[in-house]
Amino acid sequence: MSRNILLIQNDPAEAKAVQEALIHSSDGPFQVEWVRSCAEGLKSLTREGKQEKPDTDGIAAVLVDLFLPDSRGFETFDQLFRAAPKIPILVLSTSQDEDIAKLVVQYGAQDYLLKDRLNGYLLLKTLGSVIERAANAEALFEEKERAEVTLNSIADAVVSIDISNNITYLNIVAENMTGWQLDEAMGHSVEDVFKIVDATTHETIQNPMTLAIQQNRAMSLTPNCALVRRDGCEAGIEDSAAPIHDRRGQVTGAVMVFHDVSKTRAQALKMSYQAQHDILTDLPNRALFSDRLSQALVLAQRQKTKLAVLYLDVDHFKHINDSLGHAIGDCLLRSIVQRLLACVRSSDTVSRQGGDEFVILFSEMAHPEDAIVGANKILQALSMPYLIERHDLHITVSIGIAAYPDDGAEAETLMKHADLAMYFAKESGRNNYKFFKSEMNDRAVERQSIETGLRQAVEQKEFVLYYQPKVNLETGAIIGAEALIRWHHPQRGLVSPAQFIPVAEECGIIVPIGRWGLREACRQARAWQYAGLPPVRMAFNISAVELRHKDFIDNVHAILMETGLDTRYLELELTETFLMENSESTAIVLQALKDIGVQLSLDDFGTGYSSLSYLQRFPIDTLKIDQSFVRDITTDSNDASIISAVISMGKNLHMGVIAEGVETKEQLAFLKEKKCPEGQGYYFSRPVAADKFAELLFPAPMKAA
Ligand code: C2E
Ligand code: MG
Ligand code: MG
């Protein structure tokens, strides 16, 4: 520490006496710079760097007689003090001027000494304590400054209160967060400046600093609390408070460190929302739906009310996605959701399970039948056309309904049963709803066993093809054969295609089955030709699933090459549903088949929704009038006129027409009269095994052989 003293004293004798005393200090000598006027004193003080570093070579203190030749009394002090406010000033005064000396002490001088009572001891002691006090004050100031800077540069808000709960400190972050400036907040009650509420209920929460004082221990903030700013806005905050103690360990106040967690909380909320909702449609997802259903069940149980779960699947949605692209598929799903939401009450829940499947919870129902009203409303609303990016789209949906308590008491069971019922709605022609029935469970088990059996049937060679003749109605000659598959099940015996083809289509096993069948049919047709039988067209049924398979065309081509059957002898029977999907890929596949020379016929014509535009758009050779029309031609005039119309339409479009399911002479007579060119049915022959068919083809020599 510097021991340089600036002595400003006009009187040489007095100056000398002071110097003497200071030089002989027992703590080591002071260096004294003696000047005689205020101006000189100011010069010394303002000399470069002097007042900046009082601790090293700077001036440690000023010893001044206020009455100098160039300045007098208070003015002397004032000039010096202004020039070097950090350097302690000790005033030398006469008893007469003691009042002035007292005044300057009030204004910032450290102390005064009366010259007439001055002795070396007193001077040294006073000067020593003046210098020390100034140094301590400086250290304290620096300490405070450091704390202040630290507190203002951290990202957390800091607030402190005294024992009476009044604010004593806010750092800048706390100022910003509370909306109070420190100087305004000082002395205000903590309740005014730092009001905390529960973020959900908005009820006031006791301030943790007050608690920290009361309980004399660190306190954490209650979870989920928010600070109410001065402007009334709320911000989520988090952290803790601790009591402040004095040297004796007595609590004198509390300090609290906290930070804004609004963003983190909002982020957490967003994440939990996303975990429970479907991104595309914003509907509750499977997980949230299960929760809601479970809650609704508890309520329904307690209040003895009913509820229903509707499982909804868009019919043939995949084809829209495949043919028009996912973007349009997504738009369509969103439009569907809008309509679904418009159909239900606010107490109901619509959820997306994934893909094109939705589950709806009707939570307030008087009777299970109420669900039917809802289901009908949905079927109707969703079947209206959708205009999406200039595409005019039509869809239907299939709905399965399971009601509590009749169809299940638990969420999982109800969902499973509604799903099962939906599957049955699909099976019975789509675009409808089905209530769950307990037999469905049995049928589902049955279906499952068929599926398991199908998986090995191809390898185990359990399939055979039967053939049914197609006849020229004018000449009676067999002009073709339709191959119809039969399954010799090791336990069940003969299983009809109606039982297993839909299952095979659904699980995709139809592809290998169809591949086997097509090869077998072509091989057989070629074998008959080799055997010298009159060549006939071999028709094979193809389901939509097979046609959409990417290798389909290549496969047909390969089978024709492999079996050596001339392409013109192969005819593929397609159903209307495939055309209805009306996609570009449908046209491409059909054209590719035409290009290799395969004949195409439209099976079960009249049962679907074919319109003339479909027929014109696709290269179809023959219409197969469905057997349901043929069955009643002689009794039902409607059916009769439909058949007449189809026959003439076929002619006009230059298409072949064949009537399926001809069973009686009367039916045949009617068809002949209407000039239907071809027919097929039990009247001519049931589907028969290959050797039997060969006999039909060439009865005489075969029979003779
Ligand atoms: P489909 O293609 O319309 O075949 C005609 C169905 O009517 C055959 O039933 C046939 O036995 C039956 N039938 C023929 N004439 C008469 C008649 O005069 N009266 C009555 N009541 N029925 C007659 P089947 O063999 O049970 O086949 C049913 C359906 O299964 C077929 O309908 C076809 O859609 C499908 N199917 C059969 N074999 C195959 C196959 O190998 N692949 C594919 N994908 N589907 C097949
Ligand atoms: Mg057919
Ligand atoms: Mg048919």
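How each quantity is defined
- Residues numbered from 1 in each chain as written.
- Chains lettered and ligands numbered in written order.
- Predicted model: local features only at pLDDT ≥ 70, side-chain atom pairs only at ≥ 80, totals over all residues.
- Heavy atoms only, no water.
- Donors = N, O, S within 2.8 Å, 3.2 Å for Na, K, Ca; no water.
- Helix = DSSP H or I, 4+ residues; strand = E, 2+ residues; numbered from the N terminus.
- Buried < 20%, exposed > 50% of the residue type's maximum accessible area, 1.4 Å probe, protein only.
- Pairing = 2+ DSSP bridges.
- Right-handed = clockwise from strand over helix to strand, strands pointing away.
- Domains from an automatic or database assignment.
- Phe/Tyr/Trp six-rings, centres within 6.5 Å; stacked < 30°, edge-to-face > 60°.
- Axes fitted to C-alpha atoms, helices over the stretch in contact; angles between N-to-C directions.
- Contact = heavy atoms within 4.5 Å.

On to the coordination of the magnesium ion (ligand 3). For the magnesium ion (ligand 3), the protein coordination sphere consists of D603 (OD), D604 (OD), E660 (OE) and E660 (OE), at 2.0 to 2.4 Å. Look at where the donors of the magnesium ion (ligand 3) fall in the sequence and you get D-D-x55-E. The distance between the magnesium ion (ligand 3) and the magnesium ion (ligand 2) comes to 4.2 Å, and D603 binds to both of them. Of this pair, D603 sits in strand β25 (residues 599–605) while E660 sits in the loop between β27 (656–659) and α26 (665–673), and the two are 57 residues apart along the sequence. E660 gets classed as buried once you look at its relative accessible area, which sits at 7%.

Two elements, strand β1 (residues 4–8) and strand β2 (residues 31–35), share five bridges in a ladder whose sense is parallel. Within the sheet, the bridge partner assigned to N4 lies in β2 and is Q31. Handedness of the β-α-β unit built from β1, helix α1 (residues 12–23) and β2 comes out right-handed.

Another point: the domain arrangement of the protein. According to the domain assignment, the protein contains domain 1 (4–150), domain 2 (154–266), domain 3 (277–437) and domain 4 (449–696). For domain 1 versus domain 4, the separation of C-alpha centres amounts to 121 Å.

A few words now on the packing of aromatic side chains. Scanning the entire structure with this criterion turns up 13 aromatic pairs. Ring centres of F74 and Y107 lie 5.2 Å apart, and the angle between their planes is 80°; on these two criteria the pair is classed as edge-to-face. Of this pair, F74 sits in helix α3 (residues 74–83) while Y107 sits in the loop between α4 (98–106) and β5 (111–114), and the two are 33 residues apart along the sequence. Both rings, one in F463 and one in F500, keep their centres 5.7 Å apart while their planes meet at 35°; by these two values the pair is tilted.

Let's shift gears to the sheet that holds strand β3 (residues 59–65). Ordered by their spatial adjacency, five strands build an open sheet running β2-β1-β3-β4-β5, and the pairing between neighbours is parallel. With partners counted over all chains shown, the strands left at the sheet margins are β2 and β5, one partner each. Strand-to-strand twist in this sheet, taken as the mean axis angle between neighbours without regard to direction, amounts to 20°. Bridge count between β1 and β3: five bridges; the pairing is parallel. Bridge pairing links I5 to A61 in β3. Along the sheet, helix α2 (residues 38–46) makes contact with β1, β2 and β3, crossing β1 at roughly 160°. Packing of helix α5 (residues 120–153) onto the sheet brings it into contact with β1, β3, β4 (89–93) and β5, and relative to β5 it is tilted by some 175°.

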